[in-house]
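Descriptive analysis of the structure
For reference, the chains in residue letters:
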Amino acid sequence: VQLQASGGGLVQVGGALRLSCSVSGRSIEAYTMAWFRQAPGKEREFVASITWSSGNRYYADSVKGRFTISRDNAENAEYLLMDNLKPEDTAAYYCAIASNRWQWSGSSQHAYDGWGQGTLVTVSS
């Protein structure tokens, strides 16, 4: 499976960005999808995840109310709409696909076996 993340860039505080992740080699329709991020000098952390039917969405407390995860199974893609961006949101953002079908994979990185290359988001003040 291959994941290609895009949409990162430089944005001012309070601005918005929409990240996209295109998946090939596996249909995403049966899998939880997620976004993680890694800031310079820090460990990778969970951002958001969404179940196969979009019935459940889970967010890190730090982004709740500002970020929205979505998916389009027909397009084999997922998205992350980021609003009201803060300097602490600066990081490389990675999309991920869960290892197991029809399971809620949550926030653990170990539950995901396919990763995108990362797209850099820089929030300037």
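**Looking at unusual backbone geometry**
Its identity as a non-glycine residue notwithstanding, Asn84 has a phi of 50 degrees, on the positive side. As for its position among the elements, Asn84 is in the loop between strand E8 (77-82) and strand E9 (91-98). By relative accessible area, Asn84 is classed as partly exposed at 41%. One non-glycine residue with positive phi stands out, namely Trp102, at about 55 degrees. Relative to the elements of secondary structure, Trp102 occurs in the loop between E9 and strand E10 (112-115).

**Section: the pattern of salt bridges**
When the charged atoms of two side chains lie near each other, side chains of opposite charge can form a pair. Counted by the stated rule, this structure contains 5 salt bridges. The residue Asp113 makes a salt bridge to Arg26 at a minimum N-O spacing of 3.2 Å. Taken together, the positions of Asp113 in strand E10 and Arg26 in the loop between strand E3 (17-24) and strand E4 (33-38) put the pair 87 residues apart, joining distant regions of the chain. Where Asp61 meets Lys64, a salt bridge forms, and the shortest distance between an N and an O atom there is 3.1 Å. A single network of salt bridges, built from pairs that share partners, joins Arg37, Glu45, Arg66 and Asp89.

**Quick look at the packing of aromatic side chains**
Enumeration over the complete set of coordinates arrives at 7 aromatic pairs. With a centroid separation of 5.0 Å and an interplanar angle of 55 degrees, the aromatic rings of Phe36 and Trp115 are classed as tilted. In this pair, Phe36 sits in strand E4 while Trp115 sits in strand E10, placing the two residues 79 residues apart along the sequence. Taking the relative accessible area as the measure of exposure, Phe36 reaches 0% and is therefore buried. Under the relative-accessibility criterion, Trp115 is labelled partly exposed at 26%. Where Tyr58 meets Trp104, the ring centres are 6.4 Å apart and the plane angle is 80 degrees; that geometry is what we call edge-to-face. Residue Tyr58 is located in strand E6 (residues 57-59), and its partner Trp104 is located in the loop between E9 and E10; the two are separated by 46 residues in the primary sequence. Take Trp104: its relative accessible area is 41%, and that puts it in the partly exposed class.

**Observations regarding the side chain of Glu78**
The topology assignment puts Glu78 in strand E8. No salt bridge forms around the buried Glu78; measuring N to O, its nearest opposite-charge neighbour Arg71 is 6.6 Å away. Among the polar contacts listed, one links the side chain of Glu78 to the side chain of Trp35, at a separation of 3.3 Å. Contact partners of Glu78, with chain neighbours within four places excluded, come to Leu19, Ser20, Cys21, Met33, Ala34, Trp35, Ile69, Ser70, Arg71, Cys95 and Ala96.

**As for the state of the cysteines**
Applying the stated criterion to the full structure yields 1 disulfide. Between the sulfur atoms of Cys21 and its disulfide mate Cys95 the distance is 2.1 Å. The sign of the S-S torsion, about 65 degrees, decides the handedness of the disulfide formed by Cys21 and Cys95: right-handed. Taken together, the residues Cys21 in strand E3 and Cys95 in strand E9 connect sequence positions 74 residues apart. In this pair, the class of Cys21 matches that of Cys95, namely buried.

Rules used throughout
- Residues numbered from 1 in each chain as written.
- Predicted model: local features only at pLDDT ≥ 70, side-chain atom pairs only at ≥ 80, totals over all residues.
- Heavy atoms only, no water.
- Helix = DSSP H or I, 4+ residues; strand = E, 2+ residues; numbered from the N terminus.
- Buried < 20%, exposed > 50% of the residue type's maximum accessible area, 1.4 Å probe, protein only.
- Salt bridge = Lys/Arg side-chain N within 4 Å of Asp/Glu carboxyl O.
- Phe/Tyr/Trp six-rings, centres within 6.5 Å; stacked < 30°, edge-to-face > 60°.
- Lys, Arg positive; Asp, Glu negative; His and termini not counted.
- Polar contact = N/O pair within 3.5 Å; in protein donor to acceptor, adjacent residues only side chain to side chain.
- Contact = heavy atoms within 4.5 Å.
- Disulfide = S-S within 2.5 Å.

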